[in-house]
Structure formats: structure tokens, C-alpha cells
Amino acid sequence: MSYFESVPSAAGLNQVPNNPFKLLDFQLLILADGQSYTGATGDREVIAVLMGGKGTFVVKDQTFANVGGRPNVFSGKPHSVYLPCESAYTVTAHGPLQVALASAPSDLQVAPYVIGPDRVTTGVWGAANFSRNFHQILTQAGQPDLPAKRLIVGETYTPSGNWSTYPPHKHEKDDLPREAWHEELYFFKVSPADGFGMVRYYNGEIDTGYIVRDNTILMAPNGYHTTCSAPGYTSYFLWALAGNHRVQATADDPALAWVGRTIPMLKALGH
């Protein structure tokens, strides 16, 4: 089974070559200035996160004009568009446009909507050399006017030499409030673009590492996962989760959980 892939970056709609998920899927839409793409969500909900550029979205009978603006993921908060199930849509690029499309099964009948940068929550997770910055785009907490059936979506920026998702965590069973079952994907970008990072993924059957480069994706239907940036480079990943609940609850690897308990002390010391 494949848990890590390079996502093609040709013009048009690009698919992940292999997908181990039951719920989640990922596509990368790349359009040149003036080009359009028309599709339909079917029995899935889709979150369209603009990686870079600007476009107009026509979803059902609604038009969202000139959505976006950041040139790339390292240049500010995102604009996103939620596309509900059973929606025909067209995306038209105003200049070069790159859009990440994460989706999951849904029967939720709601109107499409835009999530602007002003609705994106920011902050820092971790401490010391496992601190990282985050953008929360579509979560349950504090967003009752942004409904979704399954999707939970955000962005993480891992500084040069730092680790993210550390201690490694899993979310492979429903045992609330301690743990919630979610599939999760990480879609990566690296700055400068010739850089790299690493991922460790282990789930009881495998324990392996992958090289993170631009447009690579980790697909974790279960198991523990963590990632780091090589010194001199910043890595980004769009994360999307889907499960039975829109409640985030994770379980750290018990062998490494002690590191997480040091965070208050490290923050008090200014690390």
C-alpha cells in the first residue's frame, strides 16, 4: 500500500496516483491565465484552498469573483471556497492559479461559501525546535457559520531545522474525548523550492521515512506521523482530516509523549 506520493503538476486537474483512504481524496488544479475548469462534487464535499493566484468560482447559481491573491503559500493567509455535495462548479483563473482540492463523502445540503483570510486563525504549536506556525481554515471550534460534514482543514509551516506534529500522534479509533478516528493527509510545499524535509510514518505494519519535496503528499489512514524541515528550508503542509466526528482528538506515541509535557517549561524559558 502506498502512503506517500508525488502529486503531478501538469496543467488541469491532477490526481494522486495511489490513494489508500476510504474517505479522503486530494486533487491539484493548475490553470493558466484565462483558463477554466468545470467539474461537479457528486456525493462529496470539497474544500478548495488557493495555493497561489486568483480566480472566480461559480458554484451552482452563486458567483464568487476574484477569490485569492497570495502569490504562493509562503505569502500570507489563504482564501478557500467550500463546495457542498451535488454542486456543479467552474473555476476561471485570473493569472496563474493553483488550487488544492481536498474532499470527503457528504450528504450535507448547504450553500457554498468563501473562507477569507480574516476567518483563518493563526498561532504556534509546540516549543523550541519542534515549534511550528499554523493556519486553521475549516474547523469545528468557533465556526458555526461554516458548516461541513466531515472535513477539518488547515495549514502548518515548519521552520528551518524544526519538527512538526511532534511528538508523533495518531487518530485511528473513536474513543472520545481521548482520541477520534480520522484519516489525514499532508500536502507539502518547500521554500526555497529545491529544498527538502523528511517524514516518519509508522502504523504497526511499517516504520519508514520519506523525503518531502514540493508537491509530495503523505496519506495516513492510521498510525503515527511526524515531519521535519532540513536546515535552511521552510516546509509547508496543507492538512485535511475526515472521520466520523468533526472533533480533533489525538493520541501521542507513548514512548515519546514525555516531550510534549516539556512544552510549558520550554515556553516559560522563552524557547
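In this report, we go over the structure that sits alongside the text. (Residues numbered from 1 in each chain as written. Predicted model: local features only at pLDDT ≥ 70, side-chain atom pairs only at ≥ 80, totals over all residues. Heavy atoms only, no water.)

### As for the sheet that holds strand 10 (residues 97-105)
Piece 1. Strand order in the open sheet formed by six strands is 2-3-10-5-8-11, and the pairing between neighbours is antiparallel. Each end of this open sheet is capped by a strand with a single partner; those strands are strand 2 (12-15) and strand 11 (113-115). When the angles between neighbouring strand axes are averaged without regard to direction, this sheet yields 25 degrees.
Piece 2. Summarising the sheet, strand 8 (residues 80-83) and strand 11 pair through three bridges and their orientation is antiparallel. Paired with Tyr-82 across the two strands is Tyr-113, which belongs to strand 11. (Pairing = 2+ DSSP bridges. Helix = DSSP H or I, 4+ residues; strand = E, 2+ residues; numbered from the N terminus. Axes fitted to C-alpha atoms, helices over the stretch in contact; angles between N-to-C directions.)

### Details of the environment of Val-247
Piece 1. By secondary structure assignment, the location of Val-247 is in the loop between strand 21 (234-243) and strand 22 (251-252).
Piece 2. Considered as a pair, Val-247 and Leu-31 are 216 residues apart in the sequence and their alpha carbons are 34 Å apart.

### Some points on the side chain of Lys-170
Piece 1. Position of Lys-170 among the secondary structure elements: in strand 15 (residues 163-170).
Piece 2. Apart from residues lying up to four places away in sequence, Lys-170 is in contact with Glu-179, Gly-223, Tyr-224, Thr-250 and Ala-251. (Contact = heavy atoms within 4.5 Å.)

### Structural notes on the packing of aromatic side chains
Piece 1. Within this structure, the stated rule accounts for 16 aromatic pairs.
Piece 2. Ring geometry for Trp-125 and Trp-239: centres 6.2 Å apart, planes at 45 degrees, overall tilted. Of this pair, Trp-125 sits in strand 12 (residues 121-125) while Trp-239 sits in strand 21; the two residues are 114 residues apart in sequence, bridging distant segments of the chain.
Piece 3. On the numbers, 4.1 Å between centres and 25 degrees between planes, the contact of Tyr-186 with Phe-237 is stacked. (Phe/Tyr/Trp six-rings, centres within 6.5 Å; stacked < 30°, edge-to-face > 60°.)

### Observations concerning the layout of surface pockets
Piece 1. There is about 480 Å³ of room inside the largest pocket.
Piece 2. Taken together, 22 residues form the lining of the largest pocket, with Trp-125, Arg-132, His-169, Gln-248 and Thr-250 sitting closest to its centre.
Piece 3. At the level of secondary structure, the elements contributing two or more residues to the lining of the largest pocket comprise strand 13 (132-138), strand 15, strand 16 (182-191) and strand 21.
Piece 4. Looking at the lining of the largest pocket, the element that brings in the most residues is strand 15, giving five residues.
Piece 5. Among the residues forming the lining of the largest pocket, the class breakdown is nine nonpolar, ten polar and three charged. (1 Å grid on protein atoms, 1.4 Å probe; cavity = no way out; pocket = protein on both sides within 12 Å on 5 of 7 lines; lining within 4 Å. Points joined across faces, edges and corners; volume = space filled by probe spheres on them. Nonpolar A, V, L, I, M, F, W, Y, C, P; charged D, E, K, R; others polar.)

### A closer look at the sheet that holds strand 16
Piece 1. A sheet is described by the order of its strands in space; here seven strands give the open sequence 1-19-16-21-14-13-12, paired in antiparallel fashion. Because the sheet does not close on itself, it has two edges, and the strands there are strand 1 (4-6) and strand 12. Shown here is a sheet whose adjacent strand axes are inclined to one another by a mean of 20 degrees, direction ignored.
Piece 2. Alignment of strand 12 against strand 13, held across five bridges, turns out to be antiparallel. Counterpart to Trp-125 in the pairing with strand 13 is Arg-132.

### Some thoughts on unusual backbone geometry
Piece 1. In the segment running from Tyr-166 into Pro-167, the intervening peptide bond is cis, with an omega of 0 degrees.
Piece 2. Residue Pro-177 is reached from Leu-176 by a cis peptide bond, and omega for that bond is 5 degrees.
Piece 3. One can find Pro-177 in the loop between strand 15 and strand 16.
Piece 4. Backbone geometry places Lys-60, a non-glycine residue, at a positive phi of 55 degrees.
Piece 5. Within the element layout of this structure, Lys-60 appears in the loop between strand 6 (54-59) and strand 7 (62-68).

### Structural notes on the nonpolar core
Piece 1. Of all hydrophobic cores here, the largest spans 36 residues; its most connected members are Phe-26, Leu-138, Val-153 and Leu-238.
Piece 2. A per-element tally of this core places strand 21 first, with four residues.
Piece 3. Excluding anything up to four places from it in sequence, Leu-238 contacts Phe-26, Val-49, Met-51, Ala-100, Ile-137, Val-153, Gly-154, Glu-155, Leu-185, Tyr-186 and Phe-187.
Piece 4. Within the second largest apolar cluster, 17 residues are counted, among which are Leu-29, Leu-31, Ala-48 and Tyr-89. (Core = buried A, V, L, I, M, F, W, Y, C linked by side-chain atoms within 4.5 Å. Buried < 20%, exposed > 50% of the residue type's maximum accessible area, 1.4 Å probe, protein only.)

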